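# An overview of the molecular structure
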Amino acid sequence: MERVSPGEAVSAGISLKIAVASGKGGTGKTLVSTNLFSTLLVAEHQGSLVDCDAEAPNDFLFFKGEAAGSFEVTQMVPVIDTDRCTYCGRCRDDCHYNAIFILPSVPMIRVMEELCHGCGACTVACQEGAITEKEVSLGRVSHLAVDAFHRLTEARMNEGVYSPVPVIKAAIREAGHTGITLLDAPPGTSCPFIQTVSRADYVVLVTEPTPFGLSDLRQSVETLKTIGKPCGVVVNRAGLGNREVYDYLTAEQIPLLMEIPFDRELAALYARGMVAASVDLSWREQFTQLLNNILTHYGNSHYQW
Amino acid sequence: MEIAIISGKGGTGKSSITAAFAALGRQVVLADCDVDAANLYLLFNPAHEEEQIYISGQKAVIDYAVCTSCGICIDYCRFDAITEKEGRVEILETSCDGCHLCARVCPEKAIAMVNSDQSRMVAGSFRFGKMVYGRLAPGEENSGKLVNMVREKASAMAAALTSPGQPPLILLDGPPGIGCPVISTITGVDHVVIVTEPSLSGLHDLQRAVAVALKMERKVSVIINKWDLHPALSNEIAAWCRHAGVAMAGQIPFSEVVVEAMVHQKSIPEWAPDHEVSTQLRSIFKWLISSCLLEMK
């Protein structure tokens, strides 16, 4: 298998989505995503980075650019016309989120908007035409143009909203889909993680060589197996902890894409919101190598390069 | 007394700090509310005494013997969970929200709702008291409700701990982020500790976590972990806390003993009792308990 550079990949008209994920929070997903994005910038080929960690989005802190539009992500919630409502309770019975509360004796009916998932079941259930729907905000998707060929997209959920998934889906849908799209995934292995990685072609799992890191890596790998996504692993803070993560990778035949040693200088750069690959040639080379490793392994796993 | 430890940003050291507090307390009930990635059992290896199935929700399943591929369900589904592939209607299990609407509108009654029952709540004893944790199966939802189940169990276990003079201490290790499971973790607790680290991301996520905790009208204090990795930013975070009227519980330096302790399946005060990190943790814990006792009076 010949190695394909990101430039060749893009000029060949290929678009590829790479999710950067981890079960455990704080292993370095954002560090890896922002540095990979920086190598795309330097390579001067089209690409974008989507911050899908809608509960705690941080990628915008690392890049300067021009605001390139934003939009509100909304869902529908019911509005009850109490002149028409007969307090029959059908809408409440069909609501699986317990978002409608009725006291027929008063009579009173309330919609608890923060519990509503916007499924529309109540509107269908109502026989009196007493339910209409209005839009409420769940969050916002914003774009930041770093230059003519590179764009950041951020999913940001409002505080107190039940799930980041609708905002994540909207952000991925609206991101640029030419060249290489990097998805900085939310932590965990539940719904927000699945909704992000299921839209990717390849998943990079970032872990650290500790018992917590290994336990969460295992869970992520098992989840990816069930949805059939190829993955590789970046071990961050290599040198701390023990060798168990490496033994696991060998046993599972999962490619080790890169090791990032624990380095106070790297931590300090990151803390200041600086991207190592943008300011340091040696880090730039290492992250370019990571991108090449990803493309090689992705090619091997799909035989399409 | 119920204390929740959360962080906004993941990987700030929340679980290691919670484990240390568990080792320092008396009459402890430790509840791992990070049901997406429960980890504390790795350190404390609790003896399992009870396991309960948690039904996280329901998923729609099509009976193809009955389905006529009319596609009405596709029009009604608001979660983009139903698609048509080569004349066959398919439900994407991971996108299904379990709202039941498709099953109701199907003219052939070809759709049934099936329980998602792979998640568990586990309770038992460990070397410092009682422990309970949740394990959400991959891709499942409603983690907030599993957190509630874990917390109810923790309260019941605490009530069963009877020893005079001191109230039992419930420690809740929260999930990262600010979403539903975090809100479930901090609802009604006596105190919320937010663990942050000196980075721009850490500060940004701290601000979001503080906003949520204050919205829930909880007492809040902040620990800056690994403060010496960027002393100037640590000062900035402390200044922001003062400005926001949030108490600083203390600062902990970066040290490899934190990872060493984890590798040896020990909490930090057990592994390195005389290390500076342990000394700091003890003084933070003492301050935390006395300020909680004061608030409760």
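Fair warning: this is a prediction, and the values are worked out from it, not measured in the lab.

A complete count under the given rule lists 20 salt bridges over all chains for this structure. In this structure, Glu-72 of chain A and Arg-140 of chain A form a salt bridge, with 2.6 Å as the shortest nitrogen-oxygen distance. Taken as a pair, Glu-72 of chain A in strand 3 (residues 66-80) and Arg-140 of chain A in strand 6 (residues 131-147) lie far apart in primary sequence, 68 residues in all. On the accessibility criterion, Arg-140 of chain A (34% relative accessible area) is partly exposed. For Lys-85 of chain B, the salt bridge goes to Glu-90 of chain B, with nearest N and O atoms at 3.6 Å. Three or more residues are tied together by salt bridges with common partners; here these are Glu-222, Lys-225 and Glu-252 of chain A.

Residues and elements named next belong to chain A. Spatially, 9 strands are ordered 3-6-7-2-8-1-9-10-11 in an open sheet, and the strand pairing comes out mixed. Two strands in the sheet have a free side with no partner beyond their single neighbour: strand 3 and strand 11 (256-261). Strand-to-strand twist in this sheet, taken as the mean axis angle between neighbours without regard to direction, amounts to 20°. Across the sheet, helix 5 (residues 165-174) is in contact with strand 1 (16-21), strand 2 (47-51), strand 3, strand 6, strand 7 (150-157) and strand 8 (180-184); its angle to strand 6 comes to roughly 45°.

A few words on the sheet that holds strand 8 (residues 119-126) of chain B. Residue and element names in this part refer to chain B. With mixed pairing, the 9 strands of this open sheet are ordered in space as 3-8-9-2-10-1-11-12-13. Only two strands of the sheet have a single partner each, and these edge strands are strand 3 (47-54) and strand 13 (247-252). Neighbour to neighbour, the strand axes of the sheet diverge by 20° on average, direction disregarded. In terms of strand pairing, strand 3 meets strand 8 through 7 bridges, oriented antiparallel. Of the residues in strand 8, the one forming a bridge with His-48 is Gly-124. Running at roughly 165° to strand 9 (residues 129-135), helix 5 (residues 143-160) makes contact with strand 1 (2-6), strand 2 (28-32), strand 3, strand 8, strand 9 and strand 10 (169-173) of the sheet.

Our focus in this paragraph is the pairing of strand 10 (residues 231-238) of chain A. Residues and elements named next belong to chain A. Most of strand 10 is tucked away: 7 of the 8 residues are buried. Sheet analysis places strand 9 (residues 202-207) next to strand 10, joined by 5 bridges and oriented parallel. Each residue of the ladder has a partner; that of Val-206, found in strand 10, is Val-234. Between strand 9 and its parallel partner strand 10, the chain crosses via helix 7 (residues 211-227), and the hand of that crossover is right-handed. Alignment of strand 10 against strand 11, held across 5 bridges, turns out to be parallel. By the bridge assignment for strand 11, Val-233 is matched with Leu-256.

Here we come to the domain arrangement of chain B. Quoted interface sizes are often the accessible area lost when the parts come together. Residues and elements named next belong to chain B. For chain B, the assigned domains are domain 1 (2-55 + 119-296) and domain 2 (57-116). Computed from C-alpha atoms alone, the centre-to-centre distance between domain 1 and domain 2 is 40 Å. Each side of the interface is counted separately: domain 1 has 5 residues, and domain 2 has 5 residues. Taking both sides of the interface into account, the surface hidden between domain 1 and domain 2 amounts to around 440 Å²; carbon and sulfur atoms contribute 40%.

Rules of the game
- Residues numbered from 1 in each chain as written.
- Chains lettered and ligands numbered in written order.
- Predicted model: local features only at pLDDT ≥ 70, side-chain atom pairs only at ≥ 80, totals over all residues.
- Heavy atoms only, no water.
- Salt bridge = Lys/Arg side-chain N within 4 Å of Asp/Glu carboxyl O.
- Helix = DSSP H or I, 4+ residues; strand = E, 2+ residues; numbered from the N terminus.
- Buried < 20%, exposed > 50% of the residue type's maximum accessible area, 1.4 Å probe, protein only.
- Pairing = 2+ DSSP bridges.
- Axes fitted to C-alpha atoms, helices over the stretch in contact; angles between N-to-C directions.
- Contact = heavy atoms within 4.5 Å.
- Right-handed = clockwise from strand over helix to strand, strands pointing away.
- Domains from an automatic or database assignment.
- Buried area = accessible area lost by both parts, 1.4 Å probe.

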